[in-house]
Amino acid sequence: MNTKDELAKAYDPKPVEEKWGRFWLDEGLFTADAKSDKPKFSMVLPPPNVTGILHMGHALCFTLPDIITRWKRMQGHNCLWLPGTDHASIAVHNVIEKSLAEKGLTREKIGREEFLRIAWEWKAKYGGVITSQLKRLGTSLDWSRERFTMDPGFSRAVKQVFVSLYDEGLIYRDYFLVNRCPHCRTVLSDIEIEHKDLKGKLWHIRYAVEGSDESVVVATTRPETMLGDTALAVHPDDVRYAHLHGRRVVLPIQNKSLPVITDERVEREFGTGAVKVTPAHDPVDFELGKKHGLEQVIVIDGEGRMTEAAGPEFAGLDRFAARAKVVEKLRELGALVKIEDHDHAVGHCYRCKSVIEPHLSWQWFVRIKPLADEAIRVVEDGSIKFIPENWSKTYFEWMYNIHDWCISRQLWWGHRIPAWYCRDCGRIMVAMEAPEKCDKCGGPLDQDEDVLDTWFSSGLWPFGTLGWPDETDDLRTFYPTDLMSTGFDIIFFWVARMIMLGLKFRGEIPFRHVFINGLVRDLKRRKMSKSEGNIIDPLEMIEKYGTDALRFTLAALAVPGMDLALSEERTAGYQAFANKIWNASRFVLMNLKSERPEIREDELTLADRWIRSRLSAVTAQLDASLTEYKFYEAADLIYHFVWHEFCDWYIEFAKVGLREGSATTEAVLADALDRILRLLHPFMPFITEEIWQHLPGAGKSIVVAPYPKAEPAWRDEAAEKTIALVQAVITETRTIRAGNRIPPKDKLRLFVRTAGPEETAALESQSAPVRTLAGLSSLEFVAALPADEGLLKGVAGPFEIGLVPDKPADPGAERDRLQKELAKLDAEAAKIERKLENADFVAKAPAAVVEENRTRLGDLRARREKLGQNLARLAPAS
Ligand SMILES: [Zn+2]
Ligand SMILES: [Zn+2]
């Protein structure tokens, strides 16, 4: 007796997903063991922002490594996949400051303490949204080890790293020109800036040379910054300006005297070759200013408004309003020579898309070169491997040209910089705990107001989450991790920093493989966006088709190095695959007794030998594909094997064996299904668990069942060859049957013209299944096909075949039917022909659509020809 209840008639994903999702967690099947002596496999989840909502990019980035983890776990590894979320300073600020603004408040009005209280409250309320969505994806994460980048332990790790780097001189504070977003009101690192080409202007402005009638014209893209000019520069070898060396010019509007300096960095080809120098508002000018000891006059503040130094006419104006006013004023003064169109790259904030403002201020920096050198080496020597490989080029390009990293942010939500300033003597103290007073003069201290760049803390994710700075069992067992799956857009933000900080603080790489996901696009390969209205929501797909169908879709589309062209139809197709598996399993389970019979080698049918041979081959191929992260290849293999070999053929063959009462066939069927479920489990975890639990002798959970291994002894070339012949004959017979509308219930007489003696003998040995599966009343092997006019002929592999239905069709009715069908085909073909003759259509329709029509027309013509032949074969109406 089968003690377990029967499989439901149809597969309904929702209750199944809920049941097993809970079961896996309740049983702690994803909980890693730091003391296990099994080989370990570890990963840390790229922590989604606490503000995050699951999108298709996440779904991809989390499904693929889940496939690997589940596969490794079934192979007997002690797997840790550690989850967590990132505090995401800027994103949280944007959310909360927006809601404050609705009440007419700002963060400054409510103060730091109140702001942080609101932020924590917000986090408690909404921070769990993304994690519950992650669970619905079936990710096998160890939730008992969940971390948050601002939890106390992780915060201690962040402080420790800051203090250590400072003590070593690798963190310093400097008055520097940095990028600032006037909207987010914080500075940003170089890579948080997106450069976009904008149509701009080049304003040519005349500066009078002191003590002469002469003047010099300079060109600038930002005339408002001239209010902060402190010099004019020319190239030392530029003969046009040689006579101006050592002279002074007058800054228009401000009427200020400026020196003329010479510097090799001036581009003689830009504009007039003479340039204005604004050290407080341009990165190149900043360098020039430092070199030549120029004054730094700040005329634009951190919010993008003009300062007092810009002069009373401009103070308080927005930078873009000031630009218009400066131009107007220059025109009045006759100092505006001309305005040209000029396209150039302008930096924008990656979060809010505002135009970035260079901003001179005190900030904290990481001296990056010493860290970068090691991080370059471990990728060069192959210790860390990028998949696909070409991403390592992108990594090197950036690492070789890396700049010091500005890590202070003028925000409150985040890790506050552990630095204190003495009010009396200005001394800076950096420490793990707040010092009571200045250790030099005993004066009172103020802590730095800024927090650290979010990427500074997420850079410690692979070891900070495992308990560092304590030497925990977790750290010893699971670091370095094995795989990191992420998007190419955060190779610099995140991957590079994890490598640098991991090497620095653990002396070891943080992960061995970096798998870079493609972008999820729509079927026309457009980016998914709200404005295009082409977003496919993973939760909606799960709701409609089940998690397994979505996971399988993502795996099947994941070709390394390629973007994914996603469509809802594809997911619907894999739902059909899930249903196919379900129905096949129901058949197998209904034919199983409560205990699995033994497989007796001497009782194996040819079909049994064949499916075992194929199973072994597919198992080996699947292993190779997953080892190389070729998810698409693995998905394709298992899909075709299950659908087209196991369901379409083996189950049909097995029916013949079962009818004859073969216990061995019953056992092979059960074993094959068992293996298929285990092979499929990493891709489709829910349906496989549900079915597997119904198999006699199933263990606790498929999650920890052993992953099938290839069985070299099962390889059987002879069986594969013979079955191929059998399949060819049955397929061709079915094709002829369908083409001639012979109902399945009508039996056929089949003649096979003998081919080579080996093939003929092989096919003859399988007469029984051929007769059953092709619906034959007789099967005759003949030296020549009978010369019967009514014989329907075809070719199957090496054999020519001919068949006649037992029950002759009514020629009159058949002729009518065929003629009707012909007329229908002709009408349809004519419609497409007209379309294709229309030059306008061919020119304007997308190439794929035109091609589709051509293919369709070809098909119609081929079908028409076949129908015509069949019609001719019928005795003519007399
Ligand atoms: Zn911004
Ligand atoms: Zn002091």
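Here is a short report on the structure shown in this document. (Residues numbered from 1 in each chain as written. Chains lettered and ligands numbered in written order. Predicted model: local features only at pLDDT ≥ 70, side-chain atom pairs only at ≥ 80, totals over all residues. Heavy atoms only, no water.)

### Looking at the overall build of the protein chain
Operational definition: Each helix corresponds to a stretch of at least 4 residues labelled H or I by DSSP, and each strand to a stretch of at least 2 residues labelled E; elements are numbered beginning at the N terminus. The atom set for the radius of gyration is the C-alpha atoms, and the globule formula is 2.2 Å times the number of residues raised to the power 0.38. Relative accessibility decides the category of a residue: with a 1.4 Å probe and only protein chains considered, values under 20% of the type maximum give buried, values over 50% give exposed, and everything between is partly exposed. Note on contacts: a residue pair is in contact if any heavy atoms of the two residues lie within 4.5 Å. All accessible areas in this document rest on Shrake-Rupley with a 1.4 Å probe, and a residue is counted as covered only by the protein chains that are shown. By the counting rule applied here, Lys and Arg register as positive and Asp and Glu as negative, while His and the ends of each chain are not counted. To locate a charge, the coordinates of NZ of Lys, CZ of Arg, CG of Asp or CD of Glu are taken.
Counting secondary structure elements, the protein chain contains 28 helices and 29 strands. Here the protein chain has a C-alpha radius of gyration of 37 Å; the compact-globule value for 878 residues is 29 Å, and the former is much larger. Principal-axis analysis of the C-alpha atoms places the extent of the protein chain at approximately 115 × 70 × 55 Å. For the protein chain, the residues scored as buried account for 54% of the 878 residues in total. The long-range share in the protein chain, meaning contacts at least 24 apart out of those at least 6 apart in sequence, stands at 78%. A total accessible area of about 39300 Å² is found for the protein chain, and carbon and sulfur atoms account for 51% of it. For the protein chain, the separation between the mean place of its 118 positive charges and that of its 131 negative charges on side chains is 3 Å.

### As for the pairing of strand β14 (residues 357-366)
Heads up, the condition is: Paired strands are those between which DSSP finds at least two bridges.
In terms of burial, β14 is a largely internal element, nine of the 10 residues being buried. Both strand β5 (residues 171-181) and β14 contribute to a ladder of 10 bridges, which runs antiparallel. Residue pairing in the sheet places Y172 in a bridge with F365 of β14. Sheet analysis places β14 next to strand β16 (residues 405-406), joined by two bridges and oriented antiparallel. Looking across to β16, one finds that V366 is bridged to W405.

### Overview of the pattern of salt bridges
Worth spelling out the cut-off: For salt bridges, the criterion is a side-chain nitrogen of Lys or Arg within 4 Å of an Asp or Glu carboxyl oxygen.
All chains considered together, the criterion is met by 72 salt bridges. Put simply, E97 and R107 hold a salt bridge, and the shortest N to O gap is 2.9 Å. Taken together, the residues E97 in helix α3 (residues 89-102) and R107 in helix α4 (residues 107-110) connect sequence positions 10 residues apart. Accessibility expressed as a relative area gives 4% for R107, which makes it buried. Between K291 and D263 there is a salt bridge, and its shortest N-O distance comes to 2.9 Å. With a gap of 28 residues between them, K291 in helix α8 (residues 283-292) and D263 in the loop between β11 (256-262) and β12 (274-277) connect regions that are remote in the sequence. Taking the relative accessible area as the measure of exposure, K291 reaches 58% and is therefore exposed. With relative accessibility at 3%, the residue D263 sits in the buried group. If you follow the salt bridges from partner to partner, you end up with R222, E224, R319, R323 and E357 in one network.

### Points about the side chain of R112
Test applied: Polar contact is defined as a pair of N or O atoms within 3.5 Å, subject to the rule that within protein one atom must be able to donate a hydrogen and the other to accept it, and that residues adjacent in sequence are counted only when both atoms are side-chain atoms.
Mapping R112 onto the fold places it in helix α5 (residues 112-126). Polar contacts involving the side chain of R112 include one to the main-chain carbonyl oxygen of E449, which spans 2.7 Å. With sequence-adjacent residues up to four places away left out, R112 is seen in contact with L411, W412, R416, E449, D450 and V451.

### A closer look at the sheet that holds strand β23 (residues 511-517)
Pairing between the strands of a sheet comes from backbone hydrogen bonds, and it takes one of two forms, parallel or antiparallel. This is how it is decided: Axis lines are fitted through C-alpha atoms, for helices just across the contact stretch, and the angle between N-to-C directions can take any value from 0 to 180 degrees.
Overall, parallel pairing links the three strands, which are arranged β15-β23-β22 in an open sheet. For this open sheet the edge positions go to β15 (385-387) and β22 (481-487), each flanked by a neighbour on one side alone. Direction aside, neighbouring strands of the sheet carry axes that sit 20 degrees apart on average. Pairing geometry for β15 and β23, over three bridges, is parallel. Among the inter-strand pairings, F386 is bridged to a residue of β23, identified as V514.

### Details of the coordination of the zinc ion (ligand 1)
As a reminder, the rule being used: Note: metal donors comprise N, O and S atoms at 2.8 Å or less from the metal (3.2 Å for Na, K and Ca); water molecules are not included, so apparent gaps in a site are possible. Only four donors with every angle between 85 and 135 degrees are called tetrahedral; only four or six donors with opposite donors over 155 degrees apart and all others between 65 and 115 are called square planar or octahedral, in that order; all others are irregular.
Distances from the zinc ion (ligand 1) to its protein donors, namely C181 (SG), C184 (SG), C349 (SG) and C352 (SG), fall within the range 2.2 to 2.4 Å. Classification of the site at the zinc ion (ligand 1) rests on its four donor atoms, whose angles at the metal span 99 to 116 degrees, yielding the label tetrahedral. For the zinc ion (ligand 1), the donor residues sit on a single chain with the sequence spacing C-x2-C-x164-C-x2-C. Of this pair, C184 sits in the loop between β5 and β6 (186-188) while C349 sits in strand β13 (residues 336-349), and the two are 165 residues apart along the sequence. By relative accessible area, which is 5% here, C184 ends up buried. Using a relative accessible area of 0% as the deciding quantity, one classes C349 as buried.

### Considering the coordination of the zinc ion (ligand 2)
Geometry reference: four tetrahedral donors at a metal, ideal angle 109.5 degrees. Six octahedral donors, ideal angles 90 or 180 degrees. Around the zinc ion (ligand 2), the protein contributes the donor atoms C422 (SG), C425 (SG), C438 (SG) and C441 (SG), which lie 2.2 to 2.3 Å from the metal centre. Around the zinc ion (ligand 2) sit four donor atoms, and with donor-metal-donor angles ranging over 99 to 114 degrees the site reads as tetrahedral. Summarised as a motif, the one-chain spacing of the donors to the zinc ion (ligand 2) is C-x2-C-x12-C-x2-C. Linking C425 in the loop between β18 (419-422) and β19 (428-430) with C438 in the loop between β19 and β20 (445-447), this pair joins segments that are 13 residues apart in sequence.

### As for unusual backbone geometry
Most peptide bonds are trans, and most residues other than glycine sit at a negative phi. The amide bond that connects I387 to the next residue, P388, takes the cis arrangement and shows omega of -5 degrees. With respect to the helices and strands, P388 occurs in the loop between β15 and α11 (391-400). Although it is not a glycine, A88 sits at a positive phi angle of roughly 50 degrees. Take A88: it is sitting in the loop between β3 (84-85) and α3. One non-glycine residue, R525, lies in positive phi territory at about 65 degrees.

### So, the nonpolar core
Convention followed: Residues grouped as a nonpolar core are buried Ala, Val, Leu, Ile, Met, Phe, Trp, Tyr and Cys residues, joined through side-chain atoms within 4.5 Å.
One finds F552, F577, F631 and F646 to be the most contacted residues of the largest nonpolar core, which totals 129 residues. Counting residues per element, this core draws most heavily on helix α20 (residues 631-659), at 17 residues. Once you skip the residues sitting within four places of it in the chain, F577 turns out to touch F552, I638, Y639, V642, W643, L680 and M684. W468, Y479, F493 and M500 belong to the second-largest nonpolar core, a separate cluster that totals 66 residues.

### Examining the environment of G657
Along the polypeptide, G657 turns up in helix α20. A sequence separation of 52 residues divides G657 from T605, and the C-alpha atoms of the two residues are 7.8 Å apart. Setting aside its immediate chain neighbours within four residues, G657 contacts S662 and T665.

### Here's the deal with the pairing of strand β2 (residues 78-82)
Both faces of the sheet carry side chains from a regular strand, because those side chains alternate between them. The condition that has to hold: Seen with its strands pointing away from the viewer, a crossover is right-handed when the path leading from the first strand over the helix to the second is clockwise.
Most of β2 is tucked away, with five of its five residues classed as buried. Taking every second residue as pointing to the same face, both faces of β2 are buried, with N78, L80 and L82 on one and C79 and W81 on the other. Two strands pair when backbone bridges link them, and strand β1 (residues 40-44) and β2 are joined in this way by five bridges, in the parallel orientation. Within β2, the position partnered with M43 by the bridge is W81. A crossover connection joins β1 to the parallel β2 through helix α2 (residues 56-74); in handedness this β-α-β unit is right-handed.

Just distances and angles here, no functional claims.
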